[in-house]
Amino acid sequence: MQPRLEINDFVQDPVRFSLYVQAIERMYQADQAADPRSHFQIGGIHGKPYEAWDGLRPAVEPTPKQWRGYCTHGMVTFPTWHRPYVVLYEQILQQHAVNIASEYRDAGKFTEAAKTLRVPYWDWASSDGAVPPPAIITEPLLNILRPPDGAVHAIANPLLKYTFHPVHDSFCPPIFTSPTTLRHPRLNANGEYESDVESLQQCLNQEHEQTMYKTYMMLISLHTWPLFSNHRTNPPNAQPGVANSLESVHDSIHRYVGGKGPGHMGATSMAGFDPIFFLHHCNVDRMLSLWRALNFKVWVTRDKAGDGGSITIPPDALVDANTELTPFRVNPNQCWASAGLETTQQFGYTYPEFDGLDMNNPSEVRDQIAKKINELYGGIVFGSLGTEADPGDDTTVIYDWTARVRVKQYEVGTSFSVLIFIGGEIPEADRRLADTYVGSFDTFVNTDTSQCENCQRQRDQEIVVEGFVHLNLSIVRLRRARGQSLPGSFDPHIIEPYLEGESLQWCIEKADGETVVLTEDTSLEVTVIATPLTRGPGETLPTVGEPKFYHGITAHRRGGSHGEE
Ligand SMILES: [Cu+2]
């Protein structure tokens, strides 16, 4: 079984990396209009150009309400739909790699590497930092080993962007009619859009600790499929969430890469074209594997598709583990369904955390993966308190203080963010760089549809999405800066009055950077919750208790708590 490697490790191996880069080049070169295995058509499965992929047409003509892409967002199949998607991409790359390997005069080591080539993942929650290596985001040229002699050649770096040939008619101006994919687009002196890499790096650095915190809390505190799988709010009578769903954590990364505008990664219809999409989604798939190892009896449940469904799923359809994940075929007549995708062995890949584990022994796998998760990401939660990751002989309790955000997905008609601040006013500009900034809840939807005929569809105005911004790190930072004592276990009798005094604030910022003025009837609801995390002697992961709601901290303000539930 071959592990998919973290991108920082992956780039260290010149043979593997050279094959990967050249395989991507070949996917780029393939005919956009005619070749279903071209980068364009593979990226286009996700959203635009909204065409049937490889002849797979919807059985029923979609309604005006329906989303025209194949990808399933805001529903229970979000994690599983993207699994065969990344596999398809990986298989195409690997086939190219095998062909490329045979072109070297000394083909042996290249052929060996090609046979075991798997796509790398970008661990944006890594304690080593969220910014991918320069080869992925900054270096204009890459030194790779080229056939036939295997000597080092510098080539234009295909990992920075995809160049459309041509830009498709259905792409919306002004940003998406640019000749290439863009990250953090800005206008240059010639009036053209270009990627602002510094802004991208700054954003990823700024959000890194919150991302790590969100990731750990997602992995350890969610145990049901509806809470883990997607960003939709659970019905009022269901168990309340205390951490972000996998989809919500993923949505934020799309927006951090897309930046203001947004660039391609920030819009569902365009995201699949940016080559970083597959590095990101490979990590999303890894998170699915890690979470599933902890919750090995839990899998896809049944729920209404909701929102726009997908090109083959009407919005009012029920979706479950047997729903076909179009257009990913398991055989010529049938597509994969979530039932059957519980493990990755059938696709010949695994992740490094599973190295050496006996996959036939799920409780042993669970215990080992719990340790790994703690080592990888646990420090951010327990470290914020200054306590050791290992509690030794004592039982440790800390409270996780969190702003829960609920808002209608189409509150403003485009992707937007709810930004949370503590300890001062909300600045006028560059809000995410301010000292008072805590973190954001980000929606990832289609871009503004008002001027673009191709994007118009009636949207489900009632869909409410949910996310969580964790406050503990900012509380510590603020108290340190003011020379105040650290809050120990974040006990409610200290933190509740503290949060009231420091005034928690929020605002909505559209993907183009514009601020949304909150009206009296805004659907936004920010509610503070505190969740006890208890770790006994010898326990690896903490036990996550029932959240307690502190409505008073945000009530009676626009976008604040609506009161008891
Ligand atoms: Cu995505």
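About the criteria used
- Residues numbered from 1 in each chain as written.
- Predicted model: local features only at pLDDT ≥ 70, side-chain atom pairs only at ≥ 80, totals over all residues.
- Heavy atoms only, no water.
- Helix = DSSP H or I, 4+ residues; strand = E, 2+ residues; numbered from the N terminus.
- Rg over C-alpha atoms; globule rule 2.2 N^0.38 Å.
- Areas by Shrake-Rupley, 256 points an atom, 1.4 Å probe, with all protein chains shown as cover.
- Lys, Arg positive; Asp, Glu negative; His and termini not counted.
- Charge placed at Lys NZ, Arg CZ, Asp CG, Glu CD.
- 1 Å grid on protein atoms, 1.4 Å probe; cavity = no way out; pocket = protein on both sides within 12 Å on 5 of 7 lines; lining within 4 Å.
- Points joined across faces, edges and corners; volume = space filled by probe spheres on them.
- Nonpolar A, V, L, I, M, F, W, Y, C, P; charged D, E, K, R; others polar.
- Phe/Tyr/Trp six-rings, centres within 6.5 Å; stacked < 30°, edge-to-face > 60°.
- Buried < 20%, exposed > 50% of the residue type's maximum accessible area, 1.4 Å probe, protein only.
- Core = buried A, V, L, I, M, F, W, Y, C linked by side-chain atoms within 4.5 Å.
- Domains from an automatic or database assignment.
- Contact = heavy atoms within 4.5 Å.
- Pairing = 2+ DSSP bridges.
- Buried area = accessible area lost by both parts, 1.4 Å probe.
- Salt bridge = Lys/Arg side-chain N within 4 Å of Asp/Glu carboxyl O.
- Axes fitted to C-alpha atoms, helices over the stretch in contact; angles between N-to-C directions.
- Parallel < 35°, antiparallel > 145°, perpendicular 65-115°, else oblique.
- Polar contact = N/O pair within 3.5 Å; in protein donor to acceptor, adjacent residues only side chain to side chain.

## Some thoughts on the overall build of the protein chain
- If you tally the helices and strands in the protein chain, you get 13 helices and 19 strands.
- Radius of gyration (C-alpha) of the protein chain: 23 Å, near the 24 Å computed for a compact globule of 565 residues.
- Dimensions of the protein chain, computed from the C-alpha atoms along their principal axes, are close to 70 × 55 × 50 Å.
- A total accessible area of about 22200 Å² is found for the protein chain, and carbon and sulfur atoms account for 48% of it.
- For the protein chain, the distance from the average position of its 46 positive side-chain charges to the average position of its 70 negative side-chain charges is 3 Å.

## Structural notes on empty space enclosed by the protein
- This model, assessed by the stated rule, comprises two cavities of 30 Å³ or more.
- The calculated volume of the second largest cavity comes to roughly 70 Å³.
- Residue lining of the second largest cavity: Pro226, Leu227, Asn230, His231, Arg232, Asn234, Ala243, Ser245, Glu466 and Phe468, and that is the complete set.
- Mapped by element, the contributors of at least two residues to the lining of the second largest cavity are helix 8 (225-229) and strand 14 (464-470).
- Of the residues belonging to the lining of the second largest cavity, the class tally is four nonpolar, four polar and two charged.

## Quick word on the packing of aromatic side chains
- This model, assessed by the stated rule, comprises 30 aromatic pairs.
- Each ring, one from Phe164 and one from Phe273, has its centre 5.3 Å from the other, and the planes form 80°; the classification is edge-to-face. With Phe164 in the loop between strand 3 (151-156) and strand 4 (185-187) and Phe273 in the loop between helix 9 (246-258) and helix 10 (276-294), the pair connects residues that are 109 residues apart, well separated along the chain. Each member of the pair Phe164 and Phe273 is classed as buried.
- Ring centres of Trp225 and Trp291 lie 5.8 Å apart, and the angle between their planes is 65°; on these two criteria the pair is classed as edge-to-face.

## Points about the nonpolar core
- If you look at the biggest cluster of nonpolar residues, it comprises 126 residues, and the most contacted ones within it are Leu19, Tyr20, Ile42, Ile45, Trp122, Ile369 and Val381.
- When residues of this core are assigned to domains, at least three fall in each of domain 1 (2-354) and domain 2 (362-553).
- With residues near it in sequence (within four places) discarded, Val381 still touches Tyr213, Tyr216, Met217, Ile398 and Leu533.
- Within the second largest apolar cluster, 33 residues are counted, among which are Val465, Ile475, Phe490 and Leu518.

## Notes on the sheet that holds strand 12 (residues 416-422)
- Overall, antiparallel pairing links the four strands, which are arranged 13-12-15-16 in an open sheet. Either end of the sheet is taken by a strand with one partner, and the two such strands are strand 13 (437-442) and strand 16 (515-516).
- Pairing geometry for strand 15 (residues 504-510) and strand 16, over two bridges, is antiparallel. Looking at strand 16, one finds that Ile508 is bridged to Val516.

## Side note on the domain arrangement of the protein chain
- When its domains are assigned, the protein chain resolves into domain 1 (2-354) and domain 2 (362-553).
- Distance from the C-alpha centre of domain 1 to the C-alpha centre of domain 2: 25 Å.
- Facing the 67 residues of domain 1 at the interface are 64 residues of domain 2.
- Interface area for domain 1 against domain 2, summed over the two sides, is near 5500 Å², with a carbon-plus-sulfur share of 61%.
- At the surface where domain 1 touches domain 2, the tally comes to one salt bridge.
- With a closest N to O distance of 2.8 Å, Glu207 and Arg432 form a salt bridge.

## So, the packing of helix 12 (residues 472-481) against helix 13 (residues 492-502)
- Packing of helix 12 against helix 13 brings their axes to within 12 Å, and their N-to-C directions diverge by 75°. With respect to helix 13, the element helix 12 is oriented roughly perpendicular. The residues of helix 13 that touch helix 12, namely those facing Ile475, Leu478 and Arg479, are Ile494, Ile495, Tyr498, Leu499 and Glu502.
- Here the residues of the contact of helix 12 with helix 13 are counted per class, giving six nonpolar, no polar and two charged.

## Concerning the environment of Ile475
- Checked against the element boundaries, Ile475 lands in helix 12.
- Of the residues examined, Ile475 reaches a relative accessible area of 0% and is grouped as buried.
- Other than its neighbours up to four places away in sequence, Ile475 contacts Trp401, Ile422, Pro487, Phe490, Ile495, Tyr498 and Leu499.

## Considering the environment of Asn99
- In this structure, Asn99 sits in helix 4 (residues 78-101).
- On the accessibility criterion, Asn99 (43% relative accessible area) is partly exposed.
- Separated by 60 residues in the primary sequence, Asn99 and His39 have C-alpha atoms spaced 17 Å apart.

## Topic: the side chain of Glu509
- Note that Glu509 resides in strand 15.
- On the accessibility criterion, Glu509 (11% relative accessible area) is buried.
- Looking at Glu509, its side chain comes within polar contact range of the side chain of Arg431, at 2.8 Å.
- Other than its neighbours up to four places away in sequence, Glu509 contacts Phe416, Ser417, Leu419, Arg431 and Glu514.

## With respect to the pairing of strand 12
- A large share of strand 12 lies buried, amounting to seven of its seven residues.
- The alternating pattern of strand 12 places Phe416, Val418, Ile420 and Ile422 and Ser417, Leu419 and Phe421 on opposite faces, both of which are buried.
- One ladder, built from seven bridges, connects strand 12 with strand 15; its direction is antiparallel. Across the sheet, Leu419 pairs through a bridge with Cys507, a residue of strand 15.
- Bridge analysis of strand 12 against strand 13 gives five bridges, and the strand direction is antiparallel.

## What to know about the pattern of salt bridges
- Applying the stated rule across the entire model yields 21 salt bridges.
- Ionic pairing is found between Arg186 and Asp196, a salt bridge with its closest N-O pair at 3.3 Å. Residue Arg186 is found in strand 4, and its partner Asp196 is found in the loop between strand 5 (193-195) and helix 7 (197-221); the two are separated by ten residues along the sequence.
- Close ionic contact of Glu520 with Arg558 constitutes a salt bridge, the shortest N to O distance being 3.2 Å. Taken together, the residues span a long stretch of sequence, with Glu520 in the loop between strand 16 and strand 17 (525-535) and Arg558 in the segment after strand 19 (548-550) at a distance of 38 residues.
- Taking relative accessible area as the criterion, Glu520 reaches 70% and is therefore assigned exposed.
- Taking relative accessible area as the criterion, Arg558 reaches 44% and is therefore assigned partly exposed.
- One continuous salt-bridge network, built from bridges that share partners, spans Arg4, Arg83, Glu90 and Asp285.

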